[in-house]
Structures are given as structure tokens and as C-alpha cells.
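Overview (structure and organization)
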Amino acid sequence: MSADLVARFAGALAHRLPRLTAPHTSALRLFNGYTEGFPRVAVDLYGTTLVLHDATSAAGDKPAMLALIENARGAMPWLTAVLWKRRESASQDERNGNLLFGNQDALTRKIQEDGVWYTTRLTLNRDSSLYLDTAPLRAWAKRTLKGERVLNAFAYTGSLGVAAMAGGAETVLHNDLNNAFLTVAKDSYALNRFPVARKDFWPGDFFDVIGRLKKEPLFDCVFVDPPFFSVTEKGRVDLEQDMERLLNKVRPLVAHEGWLVAINNGVFVSGADFMKSIDAVCAGGYLKLAERIDVPDDFVGYADTKQGSLPVDPAPFSHSTKMAVLKVTRKDGRTR
């Protein structure tokens, strides 16, 4: 496996290398195994830290990962650390990542994208605290939401809201069940010299918070980026079965002529099934699909690097991370 994987990685890396220039503060997917030949492996770069996502087995494939590191360091001698995330491991620490090169002090703590700084906590979770596939949506938020009032539901580490603030949003309210994730969002605010106010960060259950927000002014944009599946005392999130219900839950919070942005990253949810949910919430005539936002080639792969396919067809989207911007019309015409 090692030789074939390294060959595929080297071909994919050749396309991405021209984007990597000093001082090496950007983040980029260097290899997407699902679409570039090895479905159980992905490689990301955060600044000067390489992150290996290894789902080959519970133990992972260390020889293959070491071979990848050797190839990567030859092409990128400025790398300071390599983190190995064994996604199928029973150990939370191993899922969050162990170092194969460098030390904790060498891990990247921040990256810059589209002129905006984001705090990174690469071992915070089994992912790396900043989703690289949603970079086009952050770009949309930055260029679109000037002067707007924004709700970032299921905010995780707040990147969509940080991008909105960078574009001049009036205010962004971040909500996530886990306050540790919101702390990362606050750190990103501080990096960009945005004011950090307690009122803008609401830890708590989505279903409870949505109920409380019905008494607040309306939002010009609401992001709904839920986990694939979650159950709390207040309700259930299920991207396969309940996306329509979630969108209808937040729709009353959106102002007239505002946006409701739906993200479904379910690998086993087809683009056609996601569009059925979108069509269903638009059927009444008060929501309309304004834009589909695709994951770019540098994440998905290029014509000469693509091999294999995603578990289900994401069409009309380019990837299983499916992003839809809906325009909202209110019968009452309320804007606040």
C-alpha cells in the first residue's frame, strides 16, 4: 500500500504546491483519499503542520504514514510537525492525534484564509477545528454579510461567524452545545481584533436556544451546519432524516429578504436527497434556492488525480459537503 499511496499523494501534492508560499500560514487539503484513490486516507496542511487522517483500521497504517511523511518533508522542508489521527481507534487521544514528527510547541496555532485569521486547535477533536471544505462559504459570508445580523447555529469553532465579522457584519451570535469550541471562536475574534462580548457566544442546546431567540430581533442570515447525528434531552439532529425539520425550526428567526444557509456534510446523504429537503422547505413559496456553493477542486481533486468516487453521488453538488443558500420571504414583511 505504501508505494501506491505515496505515488498518488505525490501527484496530488504537485497541484497544490504552487499555492504554498512563505510565510506558510495557509491551510489546504493536500490529498483527498475518497476522490484521489485511497478512500481511508486524507492529508491536510495547517500552516507548517501536516495532519494525516488515517481510517485504514483501528491501529492505522503507520508504515504508510511514515512513507507519506518522508515524501511530504522532501517537498515541504519547512514542515515543523506531523499529526497522525487514527479515526477508527477506540482511544480518544489517538483519534484526536499523536505526533509522528515535531513536538506540541511546533503545532500550528493559527492560520490565515482570505485575509482572515483563524485559531487552530489541531488536537481538540478528531477533526482539526477548522473545516477546509467550507472555505467557499466563509468567502461568501465575508463578501455578503456587511452590516447584517447573523446567527451561527451549531457554530463549532465559529469560523463562519468569524468570516462574517471580517466582512463587516453588524453582529454575530454563535451557538454551540460545547463551550470549549466557542472558546476557540473567541480566540479567533481576538486574533482579528474583533470585540469579544459574552452576549455573542451562547453555549447551550440548539433546540433550547432557538426557543429563546424567538423573543429576540430577527436575523438577516442564519447558518445551519449541524453534526450528522446527535440526540439531547431537547431534541434530535439527523441529517439523513430530519434536515427539513431543522430548517423549518429556524426559518421564523430570519428577516424578510434574509438568508437561510443550509449545510449537510453527510457522506451517505446524496445530493439528490439533500435537494429533496431543500425543495420541501421551498414548496410553500417563502423560501427560494438562491445559490449552491461547491467545494473547490483543490479540496476534491483534479482531472488527472481523481480516482474512485464518494460513497454516494453528491450531484448537483461537487462533494458530500453540500451547501445551499436560501432566500427568505416573510408574509409579515418583518425585517427586525
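Moving on: the overall build of the protein chain. Across its full length, the protein chain carries 11 helices and 16 strands. For the protein chain, whose C-alpha radius of gyration is 20 Å, the value lies close to the compact-globule estimate of 20 Å for 336 residues. Projected onto the principal axes, the alpha-carbon positions of the protein chain cover approximately 60 × 40 × 40 Å. Once local pairs closer than 6 in sequence are excluded, the contacts in the protein chain between residues at least 24 apart make up 68%. When the accessible surface of the protein chain is summed, it comes to about 14,200 Å², and 49% of that surface belongs to carbon and sulfur atoms. Charge centroids of the protein chain, computed over 42 positive and 39 negative side chains, lie 5 Å from each other.

Our focus in this paragraph is a nonpolar patch on the surface. On the surface, a nonpolar cluster with roughly 290 Å² of combined accessible area is contributed by Phe 228, Phe 229 and Val 231. Among the secondary structure elements, Phe 228 is positioned in the loop between strand S11 (219-224) and strand S12 (229-231). Looking at Phe 228, the relative accessible area reads 34%, which means it is partly exposed.

Here we come to the sheet that holds strand S5 (residues 98-101). Backbone-to-backbone hydrogen bonds pair the strands of a sheet. The strands run either parallel or antiparallel. The strand order S1-S2-S3-S4-S5 describes an open sheet built from 5 strands, whose pairing is mixed. Edge positions in the sheet fall to strand S1 (27-32) and S5, since each of these pairs with one other strand and no more. The average undirected angle you get between the axes of adjacent strands in this sheet is 25 degrees. Both strand S3 (residues 49-54) and strand S4 (residues 81-86) contribute to a ladder of 6 bridges, which runs parallel. Across the sheet, residue Asp 54 finds its bridge partner in S4, namely Arg 86. Sheet strands touched by helix H1 (residues 2-16): S1 and strand S2 (41-46). Its angle to S1, the strand with the most contacts, is close to 145 degrees.

This part covers the environment of Leu 107. Looking at the element boundaries, Leu 107 is found in the loop between S5 and strand S6 (110-113). Looking at Leu 107, the relative accessible area reads 5%, which means it is buried. Along the backbone, Leu 107 and Cys 282 are 175 residues apart, and their C-alpha atoms lie at a distance of 44 Å. Sequence-distant contacts of Leu 107, defined by excluding residues within four places in its chain, comprise Thr 49, Ala 81, Leu 83, Leu 99, Leu 122 and Thr 123.

What follows concerns the pattern of salt bridges. Evaluated as defined, the whole model comprises 16 salt bridges. Between Asp 200 and Lys 199 there is a salt bridge whose closest N-O contact spans 3.1 Å. Since its relative accessible area comes to 11%, Asp 200 is described here as buried. Salt bridges sharing common partners tie together Glu 170, Asp 220 and Arg 336.

Of all 6 residues in S11, 6 are buried, a share of seventy percent or more. Note: strand S8 (residues 149-153) against S11, 4 bridges, orientation parallel. Counterpart to Asn 152 in the pairing with S11 is Phe 223. Summarising the sheet, S11 and strand S14 (residues 254-264) pair through 5 bridges and their orientation is parallel.

Taken in spatial order, the 7 strands of this open sheet run S10-S9-S8-S11-S14-S16-S15, and their pairing is mixed. Each edge of the open sheet carries a strand with a single partner, namely strand S10 (201-203) and strand S15 (287-293). This sheet shows a mean twist of 15 degrees between the axes of neighbouring strands, independent of strand direction.

Note on terminology: disulfide describes a covalent bond linking the sulfur atoms of two cysteines. Considering all chains together, one arrives at 0 disulfides under this definition. Looking at Cys 282, it has no disulfide partner, and the nearest cysteine sulfur is the one in Cys 221, 15 Å off.

With respect to the secondary-structure elements, Arg 245 resides in helix H9 (residues 243-250). For Arg 245, a relative accessible area of 36% corresponds to the partly exposed category. Remark: the alpha-carbon pair of Arg 245 and Ser 277, spanning 32 residues in sequence, is separated by 8.9 Å. Beyond its immediate chain neighbours, meaning those up to four positions away, Arg 245 contacts Phe 207 and Arg 236.

Glancing now at the nonpolar core. Within soluble globular proteins, side chains that are nonpolar generally end up buried alongside one another. In this structure, Leu 137, Trp 140, Leu 145, Phe 223 and Val 261 are the most contacted members of the largest nonpolar core, which totals 39 residues. When residues no more than four places from it in sequence are discounted, the contact partners of Leu 137 are Leu 160, Phe 223, Val 261, Ile 263, Ile 293 and Met 323. Counting 34 residues, the second largest nonpolar core, distinct from the first, contains Leu 151, Val 237, Leu 239 and Ile 278.

The rules behind each value
- Residues numbered from 1 in each chain as written.
- Predicted model: local features only at pLDDT ≥ 70, side-chain atom pairs only at ≥ 80, totals over all residues.
- Heavy atoms only, no water.
- Helix = DSSP H or I, 4+ residues; strand = E, 2+ residues; numbered from the N terminus.
- Rg over C-alpha atoms; globule rule 2.2 N^0.38 Å.
- Contact = heavy atoms within 4.5 Å.
- Areas by Shrake-Rupley, 256 points an atom, 1.4 Å probe, with all protein chains shown as cover.
- Lys, Arg positive; Asp, Glu negative; His and termini not counted.
- Charge placed at Lys NZ, Arg CZ, Asp CG, Glu CD.
- Patch = residues over 30% accessible without salt bridge, like charges linked within 9 Å, V, L, I, M, F, W, Y side chains within 5 Å.
- Salt bridge = Lys/Arg side-chain N within 4 Å of Asp/Glu carboxyl O.
- Buried < 20%, exposed > 50% of the residue type's maximum accessible area, 1.4 Å probe, protein only.
- Pairing = 2+ DSSP bridges.
- Axes fitted to C-alpha atoms, helices over the stretch in contact; angles between N-to-C directions.
- Disulfide = S-S within 2.5 Å.
- Core = buried A, V, L, I, M, F, W, Y, C linked by side-chain atoms within 4.5 Å.

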